[in-house]
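Each chain, letter by letter, is given below.
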Amino acid sequence: MNRHGDRYIVRYGVTRNLGEFVPKGQQTFARNAAVIVRSDRGVEWGEVLCPASQRTREYLGAHEDVGGILREASEEDLRKVDEVRQKERDEFASCEEYIRERKLPMQLVDVEHLFGEERLIFYYLSEKRVTSGSW
């Protein structure tokens, strides 16, 4: 089990979220290590920025851990992240076509397919609320 000090600041997600993560067991990670984390959104790809400290907690306004570091990214994970990125490109193109066909008042900005594939998130801009009646 980790001591209280064994926590890391990890950048994760398309929007480059920052959070404090606790590793499983006695794992330690170097700065810039590619890691697989479990956040409140699901399993995600992340990058270790630094060990967490009281100063980083204050800077981030962190009061609790965002999640856990499951493991350092493996060669298999690197291959899978490439597959996930290809899916994102395909999903982006499909969604853009859907928007165009239905003349929806929105502009697709990005697509995020979580590494664990439990969530697909579409980011878009719109001057007006896009309602279910628009679909």
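Everything below is about the structure printed above this text.
Computed from a prediction, not measured in an experiment: that's the story for all the values here.

Caption draft 1: Looking closely at the environment of Glu47. Mapping Glu47 onto the fold places it in strand S4 (residues 42-51). A residue is classified by how much of its surface remains accessible, and Glu47, at 24% relative accessible area, is partly exposed. Separated by 65 residues in sequence, Glu47 and Glu112 place their C-alpha atoms 16 Å apart. Beyond its immediate chain neighbours, meaning those up to four positions away, Glu47 contacts Ile9, Val10, Arg11, Asn32, Ala33 and Val35.

Caption draft 2: Expanded view of the pattern of salt bridges. Counted according to the given criterion, the structure contains nine salt bridges. Its salt-bridge partner being Glu20, residue Arg57 comes within 3.2 Å of it at the nearest N-O pair. With Arg57 in helix H1 (residues 54-60) and Glu20 in strand S2 (residues 17-23), the pair connects residues that are 37 residues apart, well separated along the chain. Its relative accessible area of 16% is what places Arg57 among the buried residues. When salt bridges that share partners are traced, they join Arg41, Glu44 and Glu112 into one network.

The rules we used
Residues numbered from 1 in each chain as written. Predicted model: local features only at pLDDT ≥ 70, side-chain atom pairs only at ≥ 80, totals over all residues. Heavy atoms only, no water. Helix = DSSP H or I, 4+ residues; strand = E, 2+ residues; numbered from the N terminus. Buried < 20%, exposed > 50% of the residue type's maximum accessible area, 1.4 Å probe, protein only. Contact = heavy atoms within 4.5 Å. Salt bridge = Lys/Arg side-chain N within 4 Å of Asp/Glu carboxyl O.

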